[in-house]
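Notes for the structure review
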Amino acid sequence: MMRKKIQMKRIDNTTARQVTFSKRRKCIFKKALELSTLCEAEIALIVFRAIGKLFDYASPRIEPRYQEIEQKHFISCQRLMEKLAKPI
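Structure report, in brief. Source: prediction; values computed, not measured.

Calculation rules
Residues numbered from 1 in each chain as written. Predicted model: local features only at pLDDT ≥ 70, side-chain atom pairs only at ≥ 80, totals over all residues. Heavy atoms only, no water. Core = buried A, V, L, I, M, F, W, Y, C linked by side-chain atoms within 4.5 Å. Buried < 20%, exposed > 50% of the residue type's maximum accessible area, 1.4 Å probe, protein only. Helix = DSSP H or I, 4+ residues; strand = E, 2+ residues; numbered from the N terminus. Contact = heavy atoms within 4.5 Å. Expected span 1.5 Å × (residues − 1). Polar contact = N/O pair within 3.5 Å; in protein donor to acceptor, adjacent residues only side chain to side chain. Phe/Tyr/Trp six-rings, centres within 6.5 Å; stacked < 30°, edge-to-face > 60°. Lys NZ or Arg CZ within 6 Å of the ring centre and 35° of its normal.

Core analysis: the largest hydrophobic core is formed by eight residues, namely Phe 21, Phe 29, Ala 32, Ile 43, Leu 45, Val 47, Phe 55 and Tyr 57. Within the residue set of this core, elements represented by two or more residues are α1 (14–39), β1 (44–48) and β2 (54–58). The dominant element in this core, judged by the number of residues it contributes, is α1, at three residues. Once residues lying within four places of it in the same chain are set aside, the contact partners of Leu 45 are Ile 28, Phe 29, Ala 32, Phe 55, Asp 56 and Tyr 57.

And the structure:
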């Protein structure tokens, strides 16, 4: 049985949007882990929610460098989040 194609548009129902975000976030993090493991790729992934919440993933070999970069650019990240939170 084929999967139903979904139309790429904003989900109006808040609950459905949150559930979809959570499921897809887990999937993209899992894919990042798989890519890192299979291909020995160094991956850092940052996801911002519309409410400004931050989710991140870093492959084990890049984790120390990622933390260093994160500390250096913490203020820059805050400014970026503020800009992203503002309506266009």
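For α1, spanning 26 residues, the distance from its first C-alpha to its last is 37 Å, which sits close to the expected 38 Å at 1.5 Å a residue. For α1, the complete set of buried residues consists of Phe 21, Ser 22, Arg 25, Phe 29, Ala 32 and Ser 36. For α1, the N-terminal capping position is held by Asn 13, with its side-chain oxygen 2.9 Å away from the main-chain nitrogen of Thr 15. Of the residues flanking the end of α1, it is Glu 40, one or two places downstream, whose phi is positive at about 50°.

Before going further, it helps to examine the packing of aromatic side chains. Under the counting rule described, the total for this entry stands at two aromatic pairs. Between the aromatic rings of Phe 21 and Phe 55, the centroid separation amounts to 5.7 Å while the plane-to-plane angle is 50°, which identifies the pairing as tilted. Note that Phe 21 is positioned in helix α1 and Phe 55 in strand β2, a separation of 34 residues in sequence. The ring of Phe 55 has Arg 25 lying over it, and the distance from NZ or CZ to the ring centre is 4.1 Å. A cation over a ring is seen here: Arg 49 above Phe 21, with NZ or CZ 5.0 Å from the ring centre.

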